[in-house]
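Secondary and tertiary structure notes
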Amino acid sequence: MILVMKQNWWMLALRGLAGVLFGLATFIWPGVTLLALMTLFGVYALVDGILALIAAFSRDTERHRWWALLAEGLAGIAIAIITFIWPGITAFGLVYLIAFWAFVTGIFEIITAIRLRREITGEWLMGLAGVLSILFAVLLAIWPLAGALSVLWLIGAYAIFFGGLMIALAFRLRGRREPGDQIHHTPAAVH
């Protein structure tokens with residue numbers, strides 16, 4: 001499993017970048033309409049889901065598949081499809097849709113972190129991202145009508161923080177050395 005993540009560190013980085021860009025867009029354009037927010041969220045959930053599926057179907061030398069990433073990817077794509085099929089959904093419905101997506105994503109991120117705890121250092125970043133996702137979902141469920149702007153900023157802040165954690169984990173995986181890795185030195189030039 002760790003080999004798959006190490007080889008595909010860039011997918012985590014892309015997922016993180018998509019989150020950061022989505023979050024920044026919510027702060028740059030706070031007057032965004034509900035339809036535009038739904039479309040933006042749908043695109044983000046679709047990209048995130050596709051990248052999770054790609055990672056799930058990447059195989060390591062033992063040919064294990066990562067079922068948690070598979071489920072997370074399918075959930076993201078399903079939520080994206082729902083946002084595109086029913087664009088007239090109310091703000092209340094959108095908030096609960098986003099809360100459900102964040103909750104499901106958080107559960108699978110915690111499962112992934114638990115599975116990684118013996119294989120890498122820094123797995124806590126994914127665990128923290130999972131906890132953050134669940135807390136975000138709970139806050140949205142408790143205060144769904146707290147005001148469009150405050151919900152929008154909460155969504156943006158979550159996406160930026162979550163994306164930053166995913167990017168940090170990706171670069172930590174990229175720099176991870178396996179016991180069998182060798183450092184190649186080029187001989188010094190002889191004069």
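For the structure given in this document, a descriptive report is provided here. (Residues numbered from 1 in each chain as written. Predicted model: local features only at pLDDT ≥ 70, side-chain atom pairs only at ≥ 80, totals over all residues. Heavy atoms only, no water.)

1. Re the overall build of the protein
When its secondary structure is counted, the protein shows seven helices and zero strands. Taking the contacts inside the protein whose residues are at least 6 apart along the sequence as the reference set, 80% of them involve residues at least 24 apart. Of the roughly 10100 Å² of accessible surface on the protein, 73% is carried by carbon and sulfur atoms. (Helix = DSSP H or I, 4+ residues; strand = E, 2+ residues; numbered from the N terminus. Contact = heavy atoms within 4.5 Å. Areas by Shrake-Rupley, 256 points an atom, 1.4 Å probe, with all protein chains shown as cover.)

2. Observations concerning the pattern of salt bridges
Tallying each qualifying case throughout the model produces two salt bridges. Between D48 and R15 there is a salt bridge whose closest N-O contact spans 2.7 Å. Pair noted here: D48 is in helix α3 (residues 34-57) and R15 is in helix α2 (residues 9-28), with a separation of 33 residues, a long-range link. We note that D48, like R15, is buried. Across the pair E72 and R15 runs a salt bridge whose closest N-O atoms are separated by 2.3 Å. (Salt bridge = Lys/Arg side-chain N within 4 Å of Asp/Glu carboxyl O. Buried < 20%, exposed > 50% of the residue type's maximum accessible area, 1.4 Å probe, protein only.)

3. Some remarks on the packing of aromatic side chains
According to the stated counting rule, one finds eight aromatic pairs in the structure shown. Seen in terms of ring centroids, F136 and Y158 are 4.1 Å apart; in terms of plane orientation they differ by 5°. Their pairing is stacked. Separated by 22 residues along the polypeptide, F136 in helix α6 (residues 124-142) and Y158 in helix α7 (residues 148-174) bring together distant segments of the chain. Taken as a pair, F136 and Y158 share a single burial class, namely buried. Ring centres of Y158 and F162 lie 5.7 Å apart, and the angle between their planes is 20°; this geometry places the pair in the stacked category. A residue pair is termed a helical-turn pair when its members lie 3 or 4 positions apart in one helix, as Y158 and F162 do in helix α7 at four residues. These aromatic residues form a ring-pair network of at least three members: F22, F41, Y44 and W101. (Phe/Tyr/Trp six-rings, centres within 6.5 Å; stacked < 30°, edge-to-face > 60°.)

4. Let's talk about the nonpolar core
With 49 residues, the main nonpolar core has L12, W101 and L169 as its most contacted residues. Only α2, α3, α4 (67-85), α5 (91-116), α6 and α7 provide two or more residues apiece to this core. Non-local contacts of W101, meaning those with residues more than four positions away in its chain, are made with F41, Y44, A45, D48, A75, G76, I79 and Y158. (Core = buried A, V, L, I, M, F, W, Y, C linked by side-chain atoms within 4.5 Å.)

5. What about α6?
In this model, α6 (19 residues) spans 27 Å end to end at C-alpha, consistent with the 27 Å of a helix rising 1.5 Å per residue. Along α6, the residues classified as buried are L125, M126, G127, A129, G130, S133, I134, F136, A137 and L140. (Expected span 1.5 Å × (residues − 1).)

6. A word on the environment of L14
Note that L14 resides in helix α2. Looking at L14, the relative accessible area reads 38%, which means it is partly exposed. Between the alpha carbons of L14 and V47 there is a distance of 9.2 Å; along the sequence they are 33 residues apart.

7. Brief notes about α4
Between the first and last C-alpha of α4 there are 27 Å, a value that for 19 residues agrees with the 27 Å anticipated at 1.5 Å per step. Within α4, the full set of buried residues consists of A68, L69, E72, G73, A75, G76, I77, I79, A80 and T83.

8. Quick notes on the side chain of S133
By the element assignment, S133 lies in helix α6. Of the polar contacts made by the side chain of S133, one reaches the side chain of Y158; its length is 2.9 Å. Setting aside residues up to four positions removed in sequence, S133 forms contacts with A102, F103, G106, E109, Y158 and F162. (Polar contact = N/O pair within 3.5 Å; in protein donor to acceptor, adjacent residues only side chain to side chain.)

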